[in-house]
Amino acid sequence: PPADMEALMVMNIHKGSSVKTRELKAWTKNNTGEPDWRVMKFLSPADSKNIGLLILTENRMYLYLPEFRRIRRIASSSKKNSFQGSDFSFDDLDTVDFSESYTSTIKSEDDASWLLELDRKENSGRPYKKILLTVSKESYMPLVMEMFDNRGDPWKKMENKVKKIGEYYIMNFIKIEDKKKGSYTTLELKEIKLDQGLDNSIFTRRFLKRSI
């Protein structure tokens, strides 16, 4: 993966016949052997502007609400909650290392992909009991994720599109569907910039409070 990435994100939240559009800026830093860092800040609409999310580790996730001028830490019990009215939960946006939280087995494969079954480990706090994960053999990127709740019922489905930029495969379109709510959200990445040498100061609570 690239050392770091910056992108503009367009989020569309579909509920029935209504569509709500959000624009965000996102920065990611890939840390070898450690959890990746991520910052997401809203650009629009006006009532969401400068709301920010900082993810450092599974247990160090922070939300900035400019209306209250305060940063609050996301408790583990809140990570399954919706992120700003979308079908993404805070947990869905985490830079999760599946091997730490799940035991994986290969269910099947064809010329293009592997189908993995991920079963949650007993000590894991992740919300999904099981995940069926389709991984591309070309890019090694996840193409489809089917997530199941604690009863084993289908809960969410995520579908990804992957684009090659230079030497890297980058996920540039994500659709997540909440089968229980009957809604879905898409996230499109634009103006993608890679390997800029992003400064560590971006991935701090001080930057999270900064207006952009």
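What counts, and where the lines are drawn
Residue indices follow the written sequence of each chain, beginning from 1 at its first position. Where local features are concerned, this predicted model is filtered to residues with pLDDT of at least 70; where side-chain atom pairs are given and counted, the filter is 80 or more; whole-chain, interface and lining totals use all residues. Side-chain measures were taken over the full set of non-hydrogen atoms in the model, leaving aside hydrogen atoms and water. Numbering of helices and strands runs from the N terminus; a helix is a DSSP stretch of H or I covering at least four residues, while a strand is a stretch of E covering at least two. N or O atoms closer than or at 3.5 Å make up a polar contact, with two conditions inside protein: a donor-capable atom paired with an acceptor-capable one, and, for residues adjacent in sequence, both atoms drawn from side chains. Here a residue-residue contact requires only that any non-hydrogen atoms of the pair lie within 4.5 Å. Salt bridge, as applied in this entry: a Lys or Arg side-chain nitrogen positioned within 4 Å of an Asp or Glu carboxyl oxygen. Residue burial is assigned from relative accessible area. The probe radius is 1.4 Å, only protein chains are included, and a residue is buried under 20% of its type maximum, exposed over 50%, and partly exposed in between. Residues are said to line a cavity or pocket when one of their atoms sits within 4 Å of a point; the points come from a 1 Å grid over protein atoms alone, cavities being sets where a 1.4 Å probe fits but cannot get out and pockets being open sets with protein on both sides within 12 Å along at least five of seven lines. Grid points are joined across faces, edges and corners, and a volume is the space filled by probe spheres set on the points. Residue polarity follows a fixed list, in which Ala, Val, Leu, Ile, Met, Phe, Trp, Tyr, Cys and Pro are nonpolar, Asp, Glu, Lys and Arg are charged, and the others, Gly among them, are polar.

Student: Any chance you could break down the side chain of D92 for me, citing the residues and the numbers?
Tutor: Along the chain, D92 turns up in helix α1 (residues 90–93). Here S89 takes part through its backbone nitrogen, which lies 2.9 Å from a polar atom of the side chain of D92. With residues up to four places along the chain from it excluded, the contact list for D92 reads D87, Y128, M147, K156 and I176.

Student: Got a sec to walk through the pattern of salt bridges? Specific residues and values, please.
Tutor: In the structure shown here, the tally under the stated rule is 10 salt bridges. Between K156 and D92 there is a salt bridge, and its shortest N-O distance comes to 2.8 Å. One end of the pair, K156, is in strand β11 (residues 154–165); the other, D92, is in helix α1, and 64 residues separate them in sequence. You'll find K156 and D92 in the same group, each marked buried. Of the charged contacts, one joins K137 and E109 as a salt bridge, the two residues approaching to 2.6 Å between their closest N and O atoms. Of this pair, K137 sits in the loop between β9 (130–136) and β10 (142–148) while E109 is found in strand β7 (residues 102–109), placing the two residues 28 residues apart along the sequence. Take E109: its relative accessible area is 51%, and that puts it in the exposed class. Salt bridges here are not isolated pairs; linked through shared partners, they connect E58, K79, D91, D94 and R126.

Student: Any details on the layout of surface pockets? Residues and values, ideally.
Tutor: Computed from the structure, the second largest pocket encloses a volume of approximately 150 Å³. Every residue along the wall of the second largest pocket is listed here: S76, S77, K79, K80, D91, R120, G125, R126, P127, D149, N150 and W155. Looking at the lining of the second largest pocket residue by residue, the classes come out as two nonpolar, four polar and six charged.

Student: Account for unusual backbone geometry, with residues named and values stated.
Tutor: Put simply, S44 and P45 share a cis peptide bond, and its omega is 5°. Considering the arrangement of structural elements, one finds P45 in the loop between β3 (37–44) and β4 (52–57). The phi torsion at R69 lies on the positive side, around 50°, for a residue other than glycine. Classification of R69 by relative accessible area gives exposed; the value is 69%. If you check the backbone angles, Q84 has positive phi at about 50° while not being a glycine. Along the chain, Q84 falls in the loop between β6 (70–73) and α1. Residue Q84 is classed as partly exposed on the basis of its relative accessible area of 24%.

Student: Before we move on, can you summarise the environment of E6 with the specific residues and values?
Tutor: Here E6 is to be found in strand β1 (residues 4–15). Sequence-wise, E6 and D195 are 189 residues apart; in three dimensions their C-alpha atoms are separated by 8.8 Å. Leave out the neighbours within four places in its chain, and E6 touches K25, A26, W27, E191, I192, K193, Q196 and L198. In terms of polar contacts, E6 uses its side chain to reach the side chain of Q196, at 2.8 Å.

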